[in-house]
Amino acid sequence: MHNKYLGTASVCVFLTLILAPLWLAFDRLVWVAGFDIFSWINSLDENYISQGVLEFTVLQALLSSLVTLAIGIPVAWQLGRYEWPFQSLIRSILTMPFVMPSIVAAMGFMHIVGNEGLNIRTNANTWFATLIIAHAWFNISLVIRFCEPVLSTLDPKMEEQMRLLPAGKSKLGRLRNLWLPLMIPSIAAAACMTFVFSFTSFALVRWITLGENTLESMMAGVGSSAGISGYMVSKNEVILGSSLIQFTILLFSLWLMSWLQMKRQTLLPTTSETVAKSKNVLGWSVILPAICFAILPLLTIMIASFRINEVDASGSNQYWSLAGWEYAFSTTNSLPSAWDALQNSVGYALITLLIALPLGYILAQTIRDLEKERPKLARVVDLLTMLPFAVSSVMIGLGVMLGMIRIDAEFFYSIWFTPILAHVMITTPFVVRIILPALRSLEPKYEECARTLGLTNIQRFFIIEIPLLRGSILVAAIFIMAMSMGEFGASWVITRNSDWTTLPIIIDSIRSIPYNNPLTTPAANAVSTVLMLIALVLFVSTEKFRPTRDGGMF
Amino acid sequence: MFSCVGLSKSFDKTLFDDFNLELEPGEIVAITGPSGCGKTTLLRCISGLENLDKGEILFSGHNITNLPAEERKIGLIFQKPVLYPHLNVGKNLKLASKNADISVALDEVNLSGFEKRSVHTLSGGEGQRVALARALLAEPSVLLLDEPFSSLDEELSKKLVIDVRNLLKKRNCPAILVTHNNIIAKDFADIIISLN
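Just so you know, these numbers come straight off a predicted model, no measurement behind them.

Caption draft 1: The arrangement of the overall build of chain A in detail. Counting secondary structure elements, chain A contains 23 helices and two strands. Taken over the C-alpha trace, chain A has a radius of gyration of 24 Å; the compact-globule value for 554 residues is 24 Å, and the two agree within 12%. Along the longest, intermediate and shortest principal axes, the C-alpha atoms of chain A span 70 × 60 × 45 Å. Partitioning the intrachain contacts of chain A with sequence separation of at least 6 by distance along the chain shows that 81% fall at a separation of at least 24.

The structure is reproduced here in structure tokens:
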């Protein structure tokens, strides 16, 4: 709906939602630790909790990006260049890991390398490799989503012409002179995004590593004792230093990402014709292992939810049972049932949807309207809506938690609504990123013609705009649901001290129960299976409604 | 009576300055001129999709210059038919008038029985006929046509020019056509104005 007052109000609401908790949290931390940026940064080296954390975070993120590219590029090449039976199904399977909640992936990889699987997790070298591979599993879909369209829609005449030129006579020549220059921005954009996601990875680091921390997991760990006057002042400094470094790195990565996206779009000489592709039997040697790689952790979780491993003095006894599921879905002395968590998760996701979808839509519409009249202001609002991307989920969680402490801790911890604030902060920017390209691609003549037919602002919105953008709106809605249901970092920081647990949090809580209970692992896997199936249904729905070549990032 | 008085518009250059026009009911005017001379912008200004720098638009003595496009009751047919892909032919027509008899409107443009057809299945000529029927259903005070025949082949274009002209005359609806094609202008309009 084109209304500048509504647009201004939406920008104000969004900025208040995003900036107020972060500012209150910052204010609280500075109140405890004092305002000394150098002291914050130095504290990372001086405090035993944070020593070496930055180096480890950067190293694992860099290695994860490299391994993701090494696995993802050959898969994208095969998918984009050749014809495959059930191509869209293969693509869906390979891009599915990206929508899986991180805690589900953590449980899957834990089981593969844990003592009921390959039993190699005790070795420090293997857990590091597992973490890198798990990050690659997550992000391989980014490489496919970024690179495959370049390969599959390139005008065939470009390659035919190159074959006839001396520089393109050999395959290597064509790779060097045609494919690489075209693909480098896409590869770099995928690498950049993988770096960001690996840098801020929390659930995988928390569960796969043995005691090692990234900035994200360290902040989550020490956050519970932050913001208290005179208590563990150094931890407040560590959080401030970590946040500052993380924010700077993420902001730079996002700027780079945005620049690469622009380069990528200008470099895409695509054809609208259907390009005839050849078959490649040898390509199955890349595609089949990739499919197994994508499915294995998820399949493992499902199977492991029915597998009980009892260990006693006489040895271990393994058998199949539904006991893990029963345990997960019944209330114990220490934990609520998975039903309660499911209800909370669904409730949070629905309310997040009701807030984030209209808010994100109006923000996207405001940016689109400003682009026509005040392009510089449009760019500023566009960048502001991307601000939460530069703040990791744990930072958002800490912001909400410390912001609550600053205002009225008792009140905010007592209301069910609190985690929704973090979910709205996390999901709204995604709505803007999905809706904005759709609005940009909407033919202006549709709106103009409707005006000449006498349709009012509201009629045009409901009769023309909404139906034409139905696909993108549904994708955004499903994306909100999936992200909210699987959100772990912020929820872990906010809800672990409250009664309002969610599915990802209860998986973490069940799995944290000491090992002497044989039902904890299958119960955690049972809840993971539920969360995985929900994510899967939502993902399949997204693929069904996704507009073709909408130009969106997600 | 529909009148344009002293209309002016410039972007980087002046597109039209002190443009005046008076249209009697049923009168058809064609405005010709080379590409980029401001023909389309003139129609967009008259319809209210663009703002004028100067000038007034009057209908039956009422000044409608400051009314938004949706309240002017001025129809506009674009170069390529703008039909909403999520609505079938009948529903596209209903956008102009909820209570109108769609089948009569379709009869008028020789598209009987097209109510349920998807707009994706229409040819260029059929699409323009549906756009015309829809624009007329809104009972416009004046109909603006922005080169609607230019994307059609010569034979189809000739037939549509005659059909549309006859329909407009039958309904006594004044119209302004912009075109760079002098033959179409002669066949379609009562008066030709050249915009330089």
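Caption draft 2: Layout of the overall build of chain B. Counting its regular elements, chain B contains six helices and nine strands. Rg of the C-alpha trace for chain B: 16 Å, near the compact-globule value of 16 Å for 196 residues, within the 12% margin. With respect to the principal axes defined by its C-alpha atoms, chain B has extents near 45 × 35 × 30 Å. The burial tally for chain B puts 44% of its 196 residues in the buried class. In chain B, once contacts between residues fewer than 6 apart in sequence are set aside, the share between residues at least 24 apart is 71%.

Caption draft 3: Structural context of the interface of chain B and chain A. Contacts between the two partners involve 16 residues from chain B, matched on the other side by 14 residues from chain A. Split into classes, the residues belonging to the side of chain B that touches chain A amount to 10 nonpolar, three polar and three charged.

Caption draft 4: Representation of the packing of helix α3 (residues 53–81) of chain A against helix α8 (residues 171–199) of chain A in the model. Residues and elements named next belong to chain A. Interaxial distance between α3 and α8 falls to 8 Å at its minimum, and their mutual angle equals 140°. Classified by the interaxial angle, the pair formed by α3 and α8 is oblique. Pair α3 / α8 crosses with right-handed handedness. From α3, Thr 57, Gln 60, Ala 61, Leu 62, Ser 64, Ser 65, Thr 68, Leu 69, Gly 72 and Ile 73 reach across to α8, where they touch Ile 187, Ala 190, Ala 191, Thr 194, Phe 195, Ser 198 and Phe 199.

Caption draft 5: Structural context of the sheet that holds strand β3 (residues 28–32) of chain B. Residues and elements named next belong to chain B. Taken in spatial order, the five strands line up as β6-β7-β8-β3-β9 in an open sheet, and their pairing is parallel. The open sheet has two edge strands with one neighbour each: β6 (74–77) and β9 (191–194). Strand after strand, the sheet turns through a mean of 20° between neighbouring axes, direction not considered. With five bridges joining them, β3 and strand β8 (residues 175–179) adopt parallel strand pairing. Bridge assignment links Ile 28 to a residue of β8, and that residue is Ala 175.

Caption draft 6: Highlighting the environment of Leu 177 of chain B. Along the polypeptide, Leu 177 of chain B turns up in strand β8. Sequence-wise, Leu 177 of chain B and Ile 28 of chain B are 149 residues apart; in three dimensions their C-alpha atoms are separated by 7.6 Å.

Caption draft 7: Focus on the packing of helix α5 (residues 102–113) of chain A against helix α12 (residues 284–304) of chain A. Residue and element names in this part refer to chain A. At a minimum axis separation of 8 Å, α5 and α12 run at an interaxial angle of 80°. Taken together, α5 and α12 sit at an angle that is classed as roughly perpendicular. Counted together, Val 104, Ala 105, Met 107, Gly 108, Phe 109, His 111 and Ile 112 of α5 and Leu 296, Pro 297, Leu 298, Thr 300, Ile 301 and Ala 304 of α12 form the full contact between these two elements. Its residues assigned to classes, the contact of α5 with α12 comprises 10 nonpolar, three polar and no charged.

Caption draft 8: Inspection of the domain arrangement of chain A at higher detail. Residues and elements named next belong to chain A. Under the domain assignment used here, chain A contains domain 1 (1–32 + 338–554) and domain 2 (36–304). Centre-to-centre, using C-alpha coordinates, domain 1 lies 22 Å away from domain 2. Across the boundary between the two partners, domain 1 contributes 35 residues, which contact 35 residues of domain 2. If you tally residues by element for the side of domain 1 that touches domain 2, the top one is helix α23 (residues 520–545), at 11 residues. In the side of domain 1 that touches domain 2, the residues fall into 24 nonpolar, eight polar and three charged.

Caption draft 9: Layout of the nonpolar core. One finds Ala 106, Ile 208, Val 431, Ala 482 and Val 527 of chain A together with Leu 177 of chain B to be the most contacted residues of the largest nonpolar core, which totals 224 residues. Here this core gets 15 residues from one element, more than from any other, and that element is helix α6 (residues 124–152) of chain A. Here this core gathers at least three residues from each of two domains, domain 1 (1–32 + 338–554) and domain 2 (36–304) of chain A. Not counting chain neighbours up to four residues away, the residues in contact with Leu 177 of chain B comprise Ile 28, Ala 30, Leu 145, Ala 185, Phe 188 and Ala 189 of chain B.

Caption draft 10: Main features of the pairing of strand β2 (residues 14–23) of chain B. The pairing of strand β1 (residues 2–10) of chain B with β2 of chain B spans six bridges and is antiparallel. By the bridge assignment, Leu 7 of chain B is partnered in β2 of chain B with Phe 19 of chain B.

Caption draft 11: Inspection of the pairing of β6 of chain B at higher detail. All names here are of chain B. Side chains Ile 74 and Leu 76 project from β6 onto one buried face, and the interleaved Gly 75 and Ile 77 project onto a second face that is buried too. Across four bridges, β6 lies against strand β7 (residues 142–146) in parallel orientation. Looking at the pairing, Ile 74 lines up with Val 142 of β7.

Caption draft 12: Representation of the sheet that holds β2 of chain B in the model. Residues and elements named next belong to chain B. With respect to topology, four strands assemble into an open sheet ordered β2-β1-β4-β5, the strand pairing being antiparallel. In this open sheet, the two strands that pair with only one neighbour each are β2 and β5 (62–63). Bridge count for strand β4 (residues 54–59) against β5 is two bridges, and the pairing is antiparallel. Its bridge partner lying in β5, Leu 58 is registered against Asn 63.

Caption draft 13: Region of the structure containing helix α18 (residues 444–452) of chain A. Among the residues of α18 of chain A, Cys 449, Ala 450, Arg 451 and Thr 452 of chain A are the ones counted as buried. Those residues of α18 of chain A that are buried are in contact with α19 (457–468) of chain A together with α1 (39–47) and β6 of chain B.

Caption draft 14: Looking closely at unusual backbone geometry. Residue and element names in this part refer to chain B. Phi is positive for Ser 60, close to 50°, though the residue is something other than glycine. Along the chain, Ser 60 falls in the loop between β4 and β5. Phi angles above zero are rare outside glycine, and Lys 73 is one such case at about 60°. With respect to the helices and strands, Lys 73 occurs in the loop between β5 and β6.

Caption draft 15: View of the environment of Ala 20 of chain A. By the secondary structure assignment, Ala 20 of chain A is in helix α1 (residues 4–33). Residue classification places Ala 20 of chain A among the partly exposed residues on the basis of 16 C-beta atoms within 10 Å.

Caption draft 16: Quick look at the confidence of the model for chain B. Taken as a whole, chain B shows an average pLDDT of 90; of its residues, 100% reach a score of 70 or greater. Quick note on the complex model: pTM equals 0.82, ipTM equals 0.85.

The rules we used
- Residues numbered from 1 in each chain as written.
- Chains lettered and ligands numbered in written order.
- Predicted model: local features only at pLDDT ≥ 70, side-chain atom pairs only at ≥ 80, totals over all residues.
- Helix = DSSP H or I, 4+ residues; strand = E, 2+ residues; numbered from the N terminus.
- Rg over C-alpha atoms; globule rule 2.2 N^0.38 Å.
- Contact = placed C-beta atoms within 7 Å.
- Buried ≥ 20, exposed ≤ 12 C-beta atoms within 10 Å, placed from the backbone.
- Nonpolar A, V, L, I, M, F, W, Y, C, P; charged D, E, K, R; others polar.
- Axes fitted to C-alpha atoms, helices over the stretch in contact; angles between N-to-C directions.
- Parallel < 35°, antiparallel > 145°, perpendicular 65-115°, else oblique.
- Left-handed = near helix turned anticlockwise from the far one by under 90°.
- Pairing = 2+ DSSP bridges.
- Domains from an automatic or database assignment.
- Core = buried A, V, L, I, M, F, W, Y, C linked by C-beta atoms within 7 Å.
- pLDDT = per-residue confidence, 0-100.

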